[in-house]
Structures are given as C-alpha cells and as structure tokens.
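Coordinate inspection notes
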Amino acid sequence: MLNGQIIKGIGGFYYVDTDNGLYECRARGIFRKQKVTPLVGDRVSISVVDEETKKGVVEDIKKRDTELVRPPIANVDKVLIVFAIKNPKPNLSLLDRFIVLAEKENLEIVVVLTKVDLDDDDKLNELKTIYELSGYKVIPVSNETKLNVDKIKDELRDNVVVFAGPSGVGKSSLLNEIDKNFKLQTGEVSDKIKRGKHTTRHAELLKLECGGMVADTPGFSSLTLDDIGETELKGYFIEFDEFDDCKFGSRCIHENEPSCAVKEAVENGEISKQRYKSYIQLLNEMRQGKRRY
Ligand code: GDP
Ligand code: ZN
C-alpha cells in the first residue's frame, strides 16, 4: 500500500500523488456502497495494480480536516484572500464576506493586497491597518516590482492553498510569479485561474515547485451566506471575541443592545469602524433574505 493525495479526478479516475510518482486509480466499489465519493485533496492509501503503467486502486480515505464546496477540495489549509489596493477599487464589504466564508470553513486566512506599486494615496496603509487590527496577517504584493512574492511562497510551502478574490486583482499574475512552470493567462476579463478552459466543472490541485499545492480554481465563487445564522455571524468577525462583556452576554449581537462592549470598542477605535459596518451590512442582508451577492 502507498499513501498519497488525490490531486485530480476525472470520469471516475483519481490521480494520486505519492512519493513514488503519480498513479491513475479507480476507487474501490465499497465507497459507492458507503456513498463516499473521493474528493480532490483526499489523503488516501492505494494499492498498486500495475507499476509499469502506474495504475492503482484507492483503498482507504483518511478523515478530512476540511471540505470545501467551491472548489470541491478536501483538506485545504489556507486561503489567500487577494484584493488590489486599486484597479479594481477594493470593495471591503466583499473582502469581509470572503473572510466570513473562510472563517466558517475554519481555514487559515492571509489577506494579500496586490498592485501596491500603484499606491499613490496611502491606500495600502489604510487597508493594512484595518486587517491587522482585526487580527489577520496582511501581505502587500506587487507583481510588477515582485515585492513579497517570496513571502507568498513561504505561505504556500507545505500547504494546500486556495486563492480567493475578485477577478482582475492579479491572482493569475501572482501564481505565474510564484511558479515559472505556470503560464496562466492574465488580463482584464474573467477569472483565468481557470473558468472557461474546462467545460466540465472540476477542481484540480497544482503542485508548486516551492512545495505545497494550490487549487486551480478560485475559492468561494458563490458568495452566498445562506447557511449562516444571524447569531452565528458575529463568531466569524474574530476581533469581536475578546470584547465579551456585553450587558446581554452571549445573546448580544452587538447591534442595538445597550452597554455593548463591541460597540464601545468600535467607538474607541479598538475595532475597525469599517469592519463593524460590514458586519451590520451582512446582518441586514441576511434579514432581508437578499442573500446572494
Ligand atoms: P486575476 O483576474 O485576479 O487573475 O488577475 P490577473 O492576474 O489576470 O491581472 C489582472 C490585470 O492586472 C493584468 O492586466 C495584470 O497585468 C495586472 N496586474 C496584476 N498584478 C499587478 C500588480 O501587482 N501591479 C500592477 N500594476 N498590475 C498588476
Ligand atoms: Zn455586544
């Protein structure tokens, strides 16, 4: 038996990356009976059927740490949420929505701010301050000057990572910088880390020369908050956590309640006003049932 990880699945075949190379595998029939479908990202044991042609059978699937729906990948560790400081103008409520979705999936989050070579009005500083105050790691990047491309490589090394963010912010350009074997198309229109190239919807993990793997599809392409409850949302704004002495205790949703520690922290500047604004906005959106972005 060999241990490995599924990096691609097509038409009932699973491509399993092992220390001994890549194997094309079928899944054991028992999985179908158990209604278990192997997922890209699954850590598996395989038996080798033919070493010459690198054929095998997936015998066992290890318990998944995480399971993303979009893209459908198991065991993603980390999401790099990529926004440009300008061109396109960053939509912070959208950024906060990405963060909520990633927090819900329990992923490690890094905020990557691109196009810092275009910064002429201290936008980088403004955004960096907001997200660092909220407790996130922020990495400013330029694909033009190559600023901090190495730091992004450090984030990817030995991890399974998904990039998320709107189109046009430089995700494909960044991946091309990170791994010279990639030749992703870049430009103004649409998401080129992949859509359009594949007609069928499937996800694939790309192995990076610096170690680690990256999903070939951007994360959270649907930004619906449907599954999140009104009282659950505050849990995904991690900076609210330490301000837990609201008069109404854990029932406080930090909106109109008197003696709310979170609202006080916003007033004092201990919590970003912008983040709090996003929180209230998402809360209202959920109530109105206007849940799709
Ligand atoms: P994606 O849609 O997020 O994959 O974005 P792309 O990588 O396709 O980049 C969109 C556009 O922004 C392209 O024209 C890139 O050349 C440009 N671009 C990407 N990164 C940077 C950067 O760091 N600085 C500047 N000035 N332009 C960039
Ligand atoms: Zn409160």
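Residues numbered from 1 in each chain as written. Chains lettered and ligands numbered in written order. Predicted model: local features only at pLDDT ≥ 70, side-chain atom pairs only at ≥ 80, totals over all residues. Heavy atoms only, no water.

The name given to the protein chain in an unreviewed UniProt entry is Small ribosomal subunit biogenesis GTPase RsgA, with Romboutsia sedimentorum as the source organism.

1. Here we look at the overall build of the protein chain
Secondary structure summary: the protein chain contains seven helices and eleven strands in total. Relative to the 2.2 N^0.38 estimate, which gives 19 Å for 293 residues, the radius of gyration of the protein chain is 21 Å and therefore close to what a compact globule would have. With the principal axes as the frame, the protein chain shows a C-alpha extent of 70 × 45 × 30 Å. Relative to its full complement of 293 residues, the protein chain shows a buried share of 51%. Look at the contacts in the protein chain between residues 6 or more apart in sequence, and 65% of them connect residues 24 or more apart. When the accessible area of the protein chain is evaluated, it comes to approximately 14600 Å², of which 46% is carbon and sulfur surface. (Helix = DSSP H or I, 4+ residues; strand = E, 2+ residues; numbered from the N terminus. Rg over C-alpha atoms; globule rule 2.2 N^0.38 Å. Buried < 20%, exposed > 50% of the residue type's maximum accessible area, 1.4 Å probe, protein only. Contact = heavy atoms within 4.5 Å. Areas by Shrake-Rupley, 256 points an atom, 1.4 Å probe, with all protein chains shown as cover.)

2. Description of the sheet that holds strand 4 (residues 43-50)
The strand order 1-2-3-5-4 describes a closed barrel built from five strands, whose pairing is mixed. Taking each pair of neighbouring strands and ignoring which way they run, the sheet shows an average axis angle of 55°. As paired strands, strand 3 (residues 21-27) and strand 5 (residues 55-61) are joined by four bridges and run parallel to one another. Paired with Glu24 across the strands is Lys55, a residue of strand 5. (Pairing = 2+ DSSP bridges. Axes fitted to C-alpha atoms, helices over the stretch in contact; angles between N-to-C directions.)

3. Side note on the pattern of salt bridges
Following the criterion strictly, the structure yields 23 salt bridges and no others. Measuring nitrogen to oxygen at the nearest pair gives 2.8 Å for the salt bridge that ties Glu255 to Arg287. Residue Glu255 is located in the loop between strand 11 (213-215) and helix 6 (261-268), and its partner Arg287 is located in helix 7 (residues 273-287); the two are separated by 32 residues in the primary sequence. Exposure remark for Glu255: the relative accessible area of 17% places this residue in the buried category. (Salt bridge = Lys/Arg side-chain N within 4 Å of Asp/Glu carboxyl O.)

4. Observations regarding the coordination of the zinc ion (ligand 2)
The protein atoms that coordinate the zinc ion (ligand 2) are Cys246 (SG), Cys252 (SG), His254 (ND1) and Cys260 (SG), at distances spanning 2.1 to 2.3 Å. Angles of 103 to 114° at the metal separate the four donor atoms of the zinc ion (ligand 2), which places the site in the tetrahedral class. In terms of primary sequence, the donors binding the zinc ion (ligand 2) are separated according to C-x5-C-x1-H-x5-C. With Cys246 in the loop between strand 11 and helix 6 and Cys260 in the loop between strand 11 and helix 6, the pair connects residues that are 14 residues apart, well separated along the chain. Assigned by exposure class, Cys246 and Cys260 land together as buried. (Donors = N, O, S within 2.8 Å, 3.2 Å for Na, K, Ca; no water. Tetrahedral: all angles 85-135°; square planar, octahedral: opposite > 155°, others 65-115°.)

5. Considering the nonpolar core
Within soluble globular proteins, side chains that are nonpolar generally end up buried alongside one another. Residues Val58, Ile81, Tyr131, Phe220, Leu233 and Tyr279 are the most contacted members of the largest nonpolar core, which totals 69 residues. Of all hydrophobic cores here, the second largest spans 22 residues; its members include Val141, Leu174, Ile178 and Leu206. (Core = buried A, V, L, I, M, F, W, Y, C linked by side-chain atoms within 4.5 Å.)

6. Some words on the sheet that holds strand 9 (residues 160-164)
As a general point, the strands of a sheet are linked pairwise by backbone hydrogen bonds and lie either parallel or antiparallel. Taken together, the six strands give an open sheet; going across it, the order is 8-7-6-9-11-10, and neighbouring strands pair in mixed fashion. Single-partner strands in this sheet number two, and they are strand 8 (137-140) and strand 10 (205-207). On average, each strand axis in the sheet is inclined to that of its neighbour by 30°, with strand direction left out of account. Pairing of strand 6 (residues 78-84) with strand 9 involves four bridges; the strand directions are parallel. Note that in strand 9 the partner of Val79 across the bridge is Val162. Where helix 2 (residues 92-104) meets the sheet, it contacts strand 6, strand 7 (108-114) and strand 9, and its direction lies at approximately 180° from that of strand 6.

7. Looking at the packing of aromatic side chains
The tally for this structure, following the rule as stated, stands at seven aromatic pairs. On the numbers, 5.4 Å between centres and 20° between planes, the contact of Phe237 with Phe240 is stacked. Across the pair, Phe240 and Phe237 agree in class, each one buried. Here Phe240 and Tyr279 contribute two aromatic rings whose centre-to-centre distance is 5.1 Å and whose plane-to-plane angle is 85°, an arrangement assigned as edge-to-face. Here Phe240 is found in the loop between strand 11 and helix 6, whereas its partner Tyr279 is found in helix 7, with 39 residues between them in sequence. Owing to a relative accessible area of 4%, Phe240 belongs among the buried residues under this scheme. The structure contains a cluster of three or more aromatic residues connected by ring pairs, namely Phe237, Phe240, Tyr276 and Tyr279. Its end group placed over the ring of Tyr15, Lys8 keeps NZ or CZ at 5.4 Å from the ring centre. Sitting over the face of the ring of Phe13, Arg26 holds its NZ or CZ atom 4.0 Å from the ring centroid. (Phe/Tyr/Trp six-rings, centres within 6.5 Å; stacked < 30°, edge-to-face > 60°. Lys NZ or Arg CZ within 6 Å of the ring centre and 35° of its normal.)

8. Details of the confidence of the model for the protein chain
Per-residue confidence for the protein chain averages 91 on the pLDDT scale, and 94% of its residues sit at or above 70. Within the model, the stretch residues 190-194 combines pLDDT values under 50 with 19 contacts to residues more than four positions away or in other chains. In the predicted structure, residues 196-200 sits below a pLDDT of 50 and forms two contacts with residues beyond four places in sequence or in another chain. The ipTM value of the predicted complex is 0.99, and its pTM value is 0.92. (pLDDT = per-residue confidence, 0-100.)

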